[in-house]
Amino acid sequence: DRYGPPPEEIHNLLRVITIRLFIRPLGITSIKIGNNRLVYTFDNTTKILPEKIVGLVTQMPDKYKITPDIKLICKLDDNDWRNVIKEVEDFIYMTGTD
């Protein structure tokens, strides 16, 4: 309070840290951003049920695709950090274990 409200970058940093805390136990080894897309890479022991991934791809085929090497590609409208963070948070919510 002494120096005013924290800048938006601090809030985004805290959201990224929170995302990292959630993706590790789910078995997501990396999330790459670029070319208006996210690429999720999973380890062999991922806790995300395959049915949830297939459900996303089936329900939103224009947004999600699975690659032959079992990576999930998510199309983004743009690479703005706020949208990217929100998209990853939504993915964790939709696929996280019960």
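All values derive from a computational prediction rather than experimental measurement. (Residues numbered from 1 in each chain as written. Predicted model: local features only at pLDDT ≥ 70, side-chain atom pairs only at ≥ 80, totals over all residues. Heavy atoms only, no water.)

Visitor: In this structure, what is going on with the packing of aromatic side chains? I would like to understand it.
Guide: We describe a pair of aromatic rings using the distance from one ring centre to the other and the angle between the two ring planes. Considering all chains together, one arrives at one aromatic pair under this definition. Aromatic pair Tyr40 and Phe91: ring centres 4.1 Å apart, planes at 25 degrees, arrangement stacked. Separated by 51 residues along the polypeptide, Tyr40 in strand β2 (residues 37–42) and Phe91 in helix α3 (residues 81–95) bring together distant segments of the chain. Residue Tyr40 is classed as buried on the basis of its relative accessible area, which comes to 1%. Judged by relative accessible area, Phe91 falls into the buried class, the value being 0%. (Phe/Tyr/Trp six-rings, centres within 6.5 Å; stacked < 30°, edge-to-face > 60°. Helix = DSSP H or I, 4+ residues; strand = E, 2+ residues; numbered from the N terminus. Buried < 20%, exposed > 50% of the residue type's maximum accessible area, 1.4 Å probe, protein only.)

Visitor: When you look at the pattern of salt bridges in this model, what are you seeing that I'm missing?
Guide: When their charged atoms lie close together, side chains carrying opposite charge are able to pair. Within the structure shown, the criterion is met by six salt bridges. Between Lys86 and Asp90 there is a salt bridge, and its shortest N-O distance comes to 2.7 Å. Within this pair, Lys86 and its partner Asp90 are both found in helix α3, separated by four residues, close to a single helical turn. Here Lys86 falls in the partly exposed class, since its relative accessible area comes to 42%. Residues joined in a network through salt bridges with shared partners are Glu8, Asp80 and Arg82. (Salt bridge = Lys/Arg side-chain N within 4 Å of Asp/Glu carboxyl O.)

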